[in-house]
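Report on the structure
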Amino acid sequence: MVWNKKYECMPREELQSLQLKRLKEVTQRVYHCLSFYRRKFKERGICPEDIKSLKDLNKLPFTTKSELRQGYPFGLFTVPLSKIVEFHVSSGTTGKPVVDGYTRKDIEIWAEVSARSLSCAGVTAEDIIQNAYGYGLFTGGLGIHYGASLIGAKIIPISGGQTTRQVMMMQDFKPTILTCTPSYALHIAEISEEMGVDLKKLPLRVGVLGAEAWSENMRQEIESRLGITALDIYGLTEIIGPGVAQECPEKKGLHVFEDHFLPEIINPKTGEVLKEGEEGELVLTTLTREGIILIRYRTGDITTISYRPCSCGRTLARIGKIKGRVDDMLIIRGVNIFPSQIENVLMQIDEIEPHYQLILERKKGLDELTVELETLPQIFFDEVRKIEEIERKIARKIEETLGLRVGVRLVEPKTIQRSMGKAKRLIDKRKLK
Ligand code: DLL
């Protein structure tokens, strides 16, 4: 088990002075290494010496994803290329990806924070981990692998996909931990049920699930279908990969490994720093990375932060479950909504499978949202009245809970595409000029 109590349970004042020391070092480093940061600092009329307390953080400029793209591929590295030992890229599909370059020390840090994450979820050297995050340029597979290795746990590096084989490994190797995206965990459950295998009877006990937004009710669905405790792991390629923040079994937010990553929550429209508990965009500054140092990176992820110590003993700040990305927020007839909020309602309905898609269209100048869902196999599609009744019931439930009128369309079982990694929930069919 890798529980670095020195840092994870450090009194806040001590942690803050460590963060300040590290913040001063990284601002010096980026200022002297990169004209990109020097120019941005100068535009704001500041230099690294102006950072005298953590409060001065908000004098520093934000860094955005589009700036990282402009530096593609190696323009924002803070060390010579000869020091880089590994590359990963972000999983976004539009335009050039964002590249992360890791030095040997960065890989050690990554292994440490990933090991702390897994340990926070209760993983020990005795565990067998079925790692079904994708291996490759995506950070999920290798990030978890490095952490599990540091703990000394036994790893099945199966990667995503080949779901029948995943179930076979679960029966034969008897893993105790499953690591994958929440949507893929549900797909594994579905295939195992088809194969007549009851995962609840196997030794699997914990899922360390992340890389996409998922609701509380989706957690319950996963826990009951797989017979596990499902815990949330957060991270992003730009910062390091999985291991930025992790939920403990208390399930009261994700602990941010603050000795490495300094979090803030801002109003995404104005950039103003928000108070503890207020919802906004998560901004992170890397305090120890070498290959890439990010100052006030705008993650685009919406959450809240709390600095209250947790009953697990950790004093690290906790972020709430990520609600979605700033750019995933839908505004439909004046109602602001995230796909995860719709998911939360859908997961409470009995007559449907937990697979859905949201289809956004523009009709007569107005945005219309249709929720597409699968019925349970035992509900027959020729029972038109019954189908319409269920559709109306779901639409009513969404309207009651979220104040949003949507169309609901039930489709036959197994017609919505399953994901092996991050699920694509929203299909935007609007032809916006
Ligand atoms: O998804 C890293 C990761 C791998 C995290 C495995 C957890 C487990 P990227 O592909 O760069 O990295 O995508 C990062 O995914 O900005 C969020 O929008 C989203 N995301 C990651 N974890 C969560 C989570 C990996 N637990 C982007 N909840 C981030 C909600 C998440 N969204």
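Shown above is the structure to which this text applies.
1. Notes on the overall build of the protein
Within the protein, the secondary structure is distributed over 11 helices and 21 strands. Split into buried and exposed, the 433 residues of the protein put 57% on the buried side. Long-range pairs, those at least 24 residues apart, make up 65% of the contacts in the protein between residues at least 6 apart in sequence. With the model as given, the accessible surface of the protein reaches about 18900 Å², and the carbon-plus-sulfur share is 51%. Considering the protein, the positive charge centre built from 64 side chains and the negative charge centre built from 59 side chains are found 4 Å apart.

2. Details of the pairing of strand 20 (residues 407-411)
For strand 19 (residues 366-375) and strand 20, the ladder comprises 5 bridges, and the chain directions are parallel. Residue pairing in the sheet places Glu374 in a bridge with Val411 of strand 20. As a crossover connection, the stretch from strand 19 through helix 11 (residues 384-402) into strand 20 is right-handed.

3. A look at the site of the ligand
Neighbouring residues of the ligand: 21 residues in total, closest Ser91, Asp232, Ile233, Thr237 and Asp301. One of the side-chain nitrogen or oxygen atoms of Asp301 is found 2.6 Å away from an oxygen atom of the ligand. Contacts to the ligand include Arg325, whose side-chain N or O atom sits 3.1 Å from an oxygen atom. Residue contributions to the shell around the ligand peak at 5 residues, all from strand 7 (residues 229-236). Tallied by class, residues from the shell around the ligand come to 9 nonpolar, 6 polar and 6 charged.

4. As for the pattern of salt bridges
For the structure shown, the criterion picks out 39 salt bridges. The shortest N-O distance in the salt bridge between Glu194 and Lys414 comes to 3.2 Å. Of this pair, Glu194 sits in helix 8 (residues 182-194) while Lys414 sits in the loop between strand 20 and strand 21 (426-428), and the two are 220 residues apart along the sequence. Between Glu351 and Lys393 there is a salt bridge, and its shortest N-O distance comes to 3.1 Å. Highlighted residues: Glu351 in the loop between helix 10 (339-346) and strand 18 (352-363) and Lys393 in helix 11, separated in sequence by 42 residues. Connected via shared salt-bridge partners are Glu8, Glu112, Arg116, Asp259 and Arg314.

5. Quick notes on the nonpolar core
One finds Tyr234 and Ile319 to be the most contacted residues of the largest nonpolar core, which totals 58 residues. With 7 residues, the single largest contributor to this core is helix 2 (residues 12-33). Not counting chain neighbours up to four residues away, the residues in contact with Tyr234 comprise Gly241, Pro242, Gly243, Val244, Ala245, Leu254, Leu282, Thr299, Asp301, Ile319 and Ile322. Of all hydrophobic cores here, the second largest spans 53 residues; its members include Leu186, Ala189, Ala230 and Leu358.

6. Describing the sheet that holds strand 18
The strand order across the open sheet built from 4 strands is 20-19-18-21, with neighbouring strands paired in mixed fashion. The open sheet has two free edges, formed respectively by strand 20 and strand 21, since each of these has just one partner strand. Ignoring strand direction, the axes of neighbouring strands in this sheet form an average angle of 25 degrees. Set on the sheet, helix 10 makes contact with strand 18 and strand 19; between it and strand 18 the angle comes to about 135 degrees.

7. Some words on the environment of Val273
Position of Val273 among the secondary structure elements: in the loop between strand 10 (261-266) and strand 11 (280-286). By relative accessible area, which is 36% here, Val273 ends up partly exposed. Along the primary structure Val273 and Val283 are separated by 10 residues, whereas in three dimensions their C-alpha atoms are 9.5 Å apart.

8. Side note on the packing of helix 7 (residues 163-172) against helix 8
Running from N to C, helix 7 and helix 8 cross one another at 80 degrees; their axes reach a closest spacing of 9 Å. Considering their axes alone, helix 7 and helix 8 lie roughly perpendicular with respect to each other. Residues Thr163, Thr164, Gln166, Val167 and Met170 of helix 7 pack against Tyr184, His187, Ile188, Ile191 and Ser192 of helix 8. Across the contact of helix 7 with helix 8, the residue classes break down as 5 nonpolar, 5 polar and no charged.

9. Structural notes on helix 7
Buried within helix 7 we find Thr163, Gln166, Val167, Met169 and Met170. An end-on view of helix 7 places all buried positions within 160 degrees of arc, on one side of the element. Looking at the packing, one finds that the buried side of helix 7 touches strand 3 (128-131), strand 4 (154-156), strand 5 (177-180) and helix 8. Of the residues flanking the end of helix 7, it is Lys174, one or two places downstream, whose phi is positive at about 50 degrees.

10. Points about unusual backbone geometry
At the junction of Tyr72 and Pro73, the peptide bond is cis and its omega measures out at -5 degrees in the coordinates. Here Pro73 lies in the loop between helix 4 (65-70) and strand 1 (84-89). We note that Lys174 has phi near 50 degrees; this positive angle belongs to a residue other than glycine. Topologically, Lys174 is positioned in the loop between helix 7 and strand 5.

11. Things to note about the environment of Thr303
Note that Thr303 resides in strand 12 (residues 297-303). Taking the relative accessible area as the measure of exposure, Thr303 reaches 3% and is therefore buried. The sequence separation of Thr303 and Leu284 amounts to 19 residues, and the corresponding C-alpha distance is 13 Å. Filtering out sequence-adjacent residues up to four positions away, Thr303 remains in contact with Ile265, Glu278, Glu279, Gly280, Leu282, Ile319, Gly320, Lys321 and Ile322. Within the structure, Thr303 has its side chain in polar contact with the backbone oxygen of Gly320 (distance 2.7 Å).

12. Considerations on a nonpolar patch on the surface
Nonpolar side chains collect at one region of the surface, where Phe74, Leu81 and Phe87 lie side by side and expose about 260 Å² of accessible area between them. Inspection of the secondary structure puts Phe87 in strand 1.

Analysis parameters
Residues numbered from 1 in each chain as written. Predicted model: local features only at pLDDT ≥ 70, side-chain atom pairs only at ≥ 80, totals over all residues. Heavy atoms only, no water. Helix = DSSP H or I, 4+ residues; strand = E, 2+ residues; numbered from the N terminus. Buried < 20%, exposed > 50% of the residue type's maximum accessible area, 1.4 Å probe, protein only. Contact = heavy atoms within 4.5 Å. Areas by Shrake-Rupley, 256 points an atom, 1.4 Å probe, with all protein chains shown as cover. Lys, Arg positive; Asp, Glu negative; His and termini not counted. Charge placed at Lys NZ, Arg CZ, Asp CG, Glu CD. Pairing = 2+ DSSP bridges. Right-handed = clockwise from strand over helix to strand, strands pointing away. Near = heavy atom within 4 Å. Polar contact = N/O pair within 3.5 Å; in protein donor to acceptor, adjacent residues only side chain to side chain. Nonpolar A, V, L, I, M, F, W, Y, C, P; charged D, E, K, R; others polar. Salt bridge = Lys/Arg side-chain N within 4 Å of Asp/Glu carboxyl O. Core = buried A, V, L, I, M, F, W, Y, C linked by side-chain atoms within 4.5 Å. Axes fitted to C-alpha atoms, helices over the stretch in contact; angles between N-to-C directions. Parallel < 35°, antiparallel > 145°, perpendicular 65-115°, else oblique. Arc of directions from axis to C-beta. Patch = residues over 30% accessible without salt bridge, like charges linked within 9 Å, V, L, I, M, F, W, Y side chains within 5 Å.

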